[in-house]
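Close look at the chain arrangement
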Amino acid sequence: MRKANYSYDVPFQKSSPVYVNQPHLPPLAEFVPYLEKIWSNKILSNGGPFHQQFEKALCEFLGVEHVAIFSNGTIALITALQALRITGEVITTPYSFVATAHSLLWNGIKPVFVDIDQNTLNLDPAKIEAAITPQTTAILPVHCYGHPCDMEAIQTIADNYNLKVICDAAHAFGVQDQGGSILRHGDLSVLSFHASKVFNTFEGGAIVCPDAKTKRHIDHLKNFGYVDDVTVVAPGINGKMSEFNAAFGILQLQHIDHALSRRKEIDTIYRQLLSNVKGIRCLQDAGEKIHNYAFFPILVEADYPISRDVLYRSLHDNEIYARRYFYPLISDFPMYRGLPSAHRNNLPVAVDASSRILCLPIYPALSREMQERIVDAISEPGHDSDSQQGVDGLF
Ligand SMILES: *Cc1c(COP(=O)(O)O)cnc(C)c1O
């Protein structure tokens, strides 16, 4: 077999590409003992020893009492709505990843979109009441970019109208407000451990439950509704996390403090470097005590020389793969845009944010040199060191 030597084949590259995220992985050697354990005990799923251990370790790290881990965040969201028997209409945000609203459609629930707050980009509590009808049964807010929603205001409305609150906390791993983990809010909170998130188990998710009884019910639902080997109490689903993912999660938790502190450093450097760039606004915290720096969103303002989309393409030409989270809005996708609440006149703040947002690369291994290259490319958009093509040549 020919020994691979690719150095002849690789064309000259002016730079290496940088993506919005790079999953944080521990040294492979550290995972091998976990695999050896699985290979010797032959337990691959169904609430094995790593599953139990991971749930306990998560509760400790997150500062919550009861966690049910899942195969992914979307199945966890769908199951959370099932567990609370949510039906009819649910109030939610158009400014999120599409799985938020899809979880409603999978339950036969009608999403009702309500506009967001222009500072936090989270569901605006002041606009919720006007959207409540006799069919409304719950509110499904999202802690967008890990910034906490105004849960006091949302819970007050929910209490007044007897509504449940399910928080999509897929971005909010490890976030705390003055009272502790923000996952304690609402009736249930749902996490995602997808590869793209701050904390990953390759694929994975969890529901944070307020009490042991609710967790037991959810544990049954994620295992086809089985309570023992001959009794099925509900039309459950298969939402179980495998021993492979659970073992990996236990190992990842040992590295999360380092990953979070690196993200914080990167966030600080971006804010310093971008402070002099006219027309670029960095999103601010929403009053949290501990943030997770899951994203680095910037807003392209009117006094920036070019539009967000031209900047986006100019960065791509420099192999900087920033992402437009969240564009398009969920309410603009074909399965939602016919809903009365999806009309763009109903959602002016979300429409505006979606047209100006750009999420810059942020992950523990991102170097300062790379951050400087990214900010240089934003400071001088269209400036491409070894091509004549500026932004005018793009279209
Ligand atoms: C990632 C994400 C989900 C879905 O989680 P998966 O684990 O990928 O299924 C749901 N909601 C939001 C806001 C997300 O970012």
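As the structure is a prediction and not an experimental result, all values here were calculated from the model.

**Describing the pattern of salt bridges**
Tallied over the entire structure, the rule returns 17 salt bridges. A salt bridge links Asp-309 to Arg-308; the shortest N-O distance between them is 2.7 Å. Note that Glu-372 and Arg-368 form a salt bridge whose closest N and O atoms lie 2.9 Å from each other. Here Arg-368 and Glu-372 lie together in helix H11 (residues 368–379), a separation of four residues that amounts to about one turn.

**With respect to the domain arrangement of the chain**
Partitioning the chain into structural domains gives domain 1 (28–253) and domain 2 (256–388). Of note, the centres of domain 1 and domain 2, computed from C-alpha atoms alone, are 26 Å apart. Taken residue by residue, the interface counts 41 residues in domain 1 and 38 residues in domain 2. Summing both partners gives a buried area of about 3,300 Å² for domain 1 against domain 2, and 68% of it is carried by carbon and sulfur.

**Let's talk about a nonpolar patch on the surface**
Together, Leu-25, Phe-202 and Phe-244 give the surface a local cluster of nonpolar side chains, amounting to about 280 Å² of exposed area. When you line up the elements, Leu-25 lands in the loop between strand S1 (18–19) and helix H1 (28–41). By relative accessible area, which is 52% here, Leu-25 ends up exposed.

**A closer look at the sheet that holds strand S5 (residues 136–140)**
The strand order across the open sheet built from seven strands is S2-S10-S9-S6-S5-S3-S4, with neighbouring strands paired in mixed fashion. Here the strands that pair on one side only, and so sit at the sheet edges, are strand S2 (66–70) and strand S4 (110–113). The average undirected angle you get between the axes of adjacent strands in this sheet is 25 degrees. Bridge count for strand S9 (residues 188–192) against strand S10 (residues 205–209) is four bridges, and the pairing is antiparallel. Following the sheet pairing, Leu-191 is matched in S10 by Ala-206. Packing of helix H2 (residues 49–62) onto the sheet brings it into contact with S2 and S9, and relative to S2 it is tilted by some 130 degrees. Lying over the sheet, helix H3 (residues 73–83) contacts S2, S5, strand S6 (164–168), S9 and S10, oriented at roughly 165 degrees with respect to S9.

What counts and what doesn't
Residues numbered from 1 in each chain as written. Predicted model: local features only at pLDDT ≥ 70, side-chain atom pairs only at ≥ 80, totals over all residues. Heavy atoms only, no water. Salt bridge = Lys/Arg side-chain N within 4 Å of Asp/Glu carboxyl O. Helix = DSSP H or I, 4+ residues; strand = E, 2+ residues; numbered from the N terminus. Domains from an automatic or database assignment. Contact = heavy atoms within 4.5 Å. Buried area = accessible area lost by both parts, 1.4 Å probe. Patch = residues over 30% accessible without salt bridge, like charges linked within 9 Å, V, L, I, M, F, W, Y side chains within 5 Å. Areas by Shrake-Rupley, 256 points an atom, 1.4 Å probe, with all protein chains shown as cover. Buried < 20%, exposed > 50% of the residue type's maximum accessible area, 1.4 Å probe, protein only. Pairing = 2+ DSSP bridges. Axes fitted to C-alpha atoms, helices over the stretch in contact; angles between N-to-C directions.

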